[in-house]
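As a plain string of letters, each chain reads:
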Amino acid sequence: MFGKTNPKKVHPSRWYIKTFNPYTVTDSFNKIDYDINSLFAAYENKALTLWHEGRYLTTLEISKNEANRLFEVHKLNRCKTSVPLNFSVIFTSRNGTEFFFIGKDLCTKEHAFSVERLSFTETQGSLNVSVDGKNIAVFESDNEKETFYRAQKDAMSIAEAKMDSQSLEDSKAISALRTAERAKAEEAEKKSEQEAEFRRNGYNHIILTTESISPFAVRKRLGIVTAEYVYRSTILSSLVAEISSIGETRQSSTQNALKEARAMALTELRREAHNLGADAVVAVDLDYSEVAGAGSPMMFLVASGTAIEIDK
């Protein structure tokens, strides 16, 4: 009935509150972090009762100042329902492992299992305790079995405790909001990864064609898209020189500059079409023009076309 383990020391070693971003209550035994803003709590007699998604989580002994900081600074939600911290006596399994209940959980020095996950069978006078179908303890003496059943019954009544009705409704609303936020964040992350992949590939999934009448079955025309590319035309003089020396060796720097301008303009055109949700751009046109002024003249390249959705 009395062992070497002190449950009152095990409990604070399992739970701790992290008050730096992200703010969480951590179950170190089960490696679970609970966002403080998703929890509800009631403070009474130096004990903080925590609720998660309307269900009792645990009770922690903290000072009034610590509790006030959690409520006022870290926005821990308040409720009215307190559950006293309850410790059972220790009962020893056949293999020597010491077990005890703290609140609703069956614990050892390093593990904790919710009472709702436990199942029991009696074979040849022994009580076998399992968690999710895996045997974790065997109690043989009538005294140990009776003590275990009594403690298990108390733990189950704690697990079945309910928050006050208003806090329960608030908890459901917060849970629904968190679920929607997670779904939104996951969708945004997916889109971000897809966008990064599209950027790496130059939005090549968008089809470009110069056909004014699309060879595709058009589901919807989304509108005209344009892309501009401008650069100082220091290459114009090279271009003139190149034209005047037709038949001589081509100037690769001029050609490369024009290719780069065209590639960047078409990539931008694809990006604009992608932002509209298009599958293709038809009737693509490239228009080059020069603007003269002070300093070096400037060359404009404008790419335009009609963004469309196609039947796939």
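Basis of the calculations
- Residues numbered from 1 in each chain as written.
- Predicted model: local features only at pLDDT ≥ 70, side-chain atom pairs only at ≥ 80, totals over all residues.
- Heavy atoms only, no water.
- Buried < 20%, exposed > 50% of the residue type's maximum accessible area, 1.4 Å probe, protein only.
- Helix = DSSP H or I, 4+ residues; strand = E, 2+ residues; numbered from the N terminus.
- Pairing = 2+ DSSP bridges.
- Expected span 1.5 Å × (residues − 1).
- Contact = heavy atoms within 4.5 Å.
- Axes fitted to C-alpha atoms, helices over the stretch in contact; angles between N-to-C directions.

Engineer: Account for the pairing of strand S2 (residues 24–27), naming residues and giving values.
Structural biologist: One face of the sheet, then the other: side chains in a regular strand alternate in exactly this way. In S2, alternate side chains face the same way, and those of Thr24 and Thr26 on one face and Val25 and Asp27 on the other are all buried. Of the pairings in the sheet, the one linking strand S1 (residues 15–18) to S2 comprises 4 bridges and is antiparallel in character. Its bridge partner being in S2, Trp15 is matched across the sheet by Asp27. With antiparallel pairing between neighbouring strands as the criterion, S1 and S2 make up a hairpin whose turn holds 5 residues. In this sheet, strand S3 (residues 32–35) lies alongside S2 in antiparallel orientation, the contact comprising 4 bridges. Across the sheet, residue Asp27 finds its bridge partner in S3, namely Ile32. In sequence, S2 turns back onto S3 through a hairpin of 4 residues, with Lys31 there showing a positive phi of about 55°.

Engineer: Help me get a handle on helix H4 (residues 165–200), residues and values and all.
Structural biologist: For H4, which comprises 36 residues, the first-to-last C-alpha distance of 52 Å matches the rise-based estimate of 52 Å (1.5 Å per residue) to within 8%. Following H4 by one or two positions, Gly202 adopts a phi angle in the positive range, close to 65°.

Engineer: Would you mind going over the sheet that holds strand S11 (residues 112–114) in detail, with residue names and values included?
Structural biologist: Spatially, 4 strands are ordered S8-S9-S10-S11 in an open sheet, and the strand pairing comes out antiparallel. Either end of the sheet is taken by a strand with one partner, and the two such strands are strand S8 (91–92) and S11. As paired strands, strand S9 (residues 98–102) and strand S10 (residues 105–107) are joined by 3 bridges and run antiparallel to one another. Across the sheet, the residue bridging to Ile102 is Asp105, located in S10. In the packing of helix H1 (residues 7–14) onto the sheet, contacts are made with S9, S10 and S11, and the angle to S9 comes to roughly 70°.

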